[in-house]
Amino acid sequence: RLRVRTRLNGNDDWIGYDAFQVVAGATTLPVSVQLQKNLYIADEASDTLKVGVVRTNRNATNNTTVNVSYLNAFSTVDTGDMQLLTPVVTFTPTSADTQYISIKIKNDAMKEVSEYFGIELNTPVNATIGATKKATIYIKDNDYTAPVGKKNIELQHLGSYAINIAGSSAEI
C-alpha cells in the first residue's frame, strides 16, 4: 500500500491518495536536452570553458545525442580565439544528467575589445530540445591594465547657500 499526501492549496489543507493504477501504454515524457543557462562569461585566461547541457526524462534504453553549432552570424570572435572542442554531446542511459561542452579559449597578448559568440543545440537524436537551446559566450580580454590616477585635478570650495528645505544646502 502506498499513500501519498500533498498540500491542497498551500495552507494546512492536505489531500491523500490511497490507490494508484498503472495503465499499460500510458504516454511517457520524451527525453529533453537543453543548455544549463543562456549566458556564460569567461576571462580570456580561463583556458577552457565548460558549458552545461542538461538531460531531463532519462530514457533507460536509448542513447541521446545532440549537436552543438557555432553561430557564425552572432559573433565578434576571431576564429583563432576560440575552438569548439565538443561538437556533439552524448548521453548514455547510465551517464550523468549533465554533460559539458568544452570550448578552448586562446589567451593571446593582443589588446582587443571583449568578444562574444553564440552556440546552439540542434539535431537531437532520441530527444527534443528544451527552452534554452542557445547561449551567448562573452570573453573578457585580460590584456588591458587599468590606468594609474594622476591626481592632476584640484577642486576649490567656493561657498554654499541655503535652500528652503530643512537641513539642506548646495555647494559651489
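Please refer to the structure higher up on the page.
Definitions and limits used
Note on numbering: residues in each chain are counted from 1, in written sequence order. Where local features are concerned, this predicted model is filtered to residues with pLDDT of at least 70; where side-chain atom pairs are given and counted, the filter is 80 or more; whole-chain, interface and lining totals use all residues. Side-chain measures here rest on the full set of heavy atoms in the structure, leaving out hydrogens and waters. For two strands to be treated as a pair, DSSP must find at least two bridges joining them. Runs of E in the DSSP output that reach at least two residues are strands. Runs of H or I that reach at least four are helices, and both are numbered from the N terminus. To obtain each axis, a line is fitted to C-alpha atoms, and for helices this fit is confined to the stretch in contact; angles are then taken between N-to-C directions over 0 to 180 degrees. When a carboxyl oxygen of Asp or Glu is within 4 Å of a side-chain nitrogen of Lys or Arg, the pair counts as a salt bridge. For Phe, Tyr and Trp, rings pair up if their centres lie within 6.5 Å, where Trp contributes its six-membered ring, and each pair is then called stacked (planes under 30 degrees apart), edge-to-face (over 60) or tilted (otherwise). Each residue gets one of three labels from its accessible area relative to the maximum for its type: buried under 20%, exposed over 50%, partly exposed in between, using a 1.4 Å probe on protein chains only. Note on definitions: a residue-residue contact is assigned when non-hydrogen atoms from the two residues lie within 4.5 Å.

**Describing the sheet that holds strand β4 (residues 39-43)**
Link 1 in the chain: Taken in spatial order, the 5 strands line up as β4-β12-β10-β6-β8 in an open sheet, and their pairing is mixed. Among the strands making up the open sheet, the edge pair consists of β4 and β8 (88-91). Between one strand and the next, the sheet's axes are offset by a mean angle of 25°, whatever the strand orientation.

**Describing the pattern of salt bridges**
Link 1 in the chain: Within the structure shown, the criterion is met by 4 salt bridges.
Link 2 in the chain: With its nearest N and O atoms 2.4 Å apart, the salt bridge here joins Asp47 to Lys104. Here Asp47 is found in the loop between β4 and β5 (48-56), whereas its partner Lys104 is found in strand β9 (residues 98-105), with 57 residues between them in sequence.
Link 3 in the chain: Two residues, Asp97 and Arg55, come together in a salt bridge whose shortest N-O distance is 2.9 Å. Placement of Asp97 in the loop between β8 and β9 and of Arg55 in strand β5 is noted, with a sequence separation of 42 residues between them.

**Brief notes about the pairing of strand β10 (residues 115-125)**
Link 1 in the chain: Across 7 bridges, strand β6 (residues 64-75) lies against β10 in antiparallel orientation. Within the sheet, the bridge partner assigned to Asn67 lies in β10 and is Asn122.

**Quick word on the packing of aromatic side chains**
Link 1 in the chain: All chains considered together, the criterion is met by 1 aromatic pair.
Link 2 in the chain: Taken together, a centroid distance of 5.1 Å and an interplanar angle of 50° make the contact between Phe74 and Tyr116 tilted. Placement of Phe74 in strand β6 and of Tyr116 in strand β10 is noted, with a sequence separation of 42 residues between them.

**Structural notes on the environment of Ala127**
Link 1 in the chain: Following the sequence through the fold, Ala127 ends up in the loop between β10 and β11 (128-129).
Link 2 in the chain: You can call Ala127 buried: its relative accessible area is 18%.
Link 3 in the chain: Sequence spacing of Ala127 and Thr64 is 63 residues, and the spatial spacing of their C-alpha atoms is 6.3 Å.
Link 4 in the chain: With near-sequence residues (within four places) excluded, Ala127 lies in contact with Val31 and Thr64.

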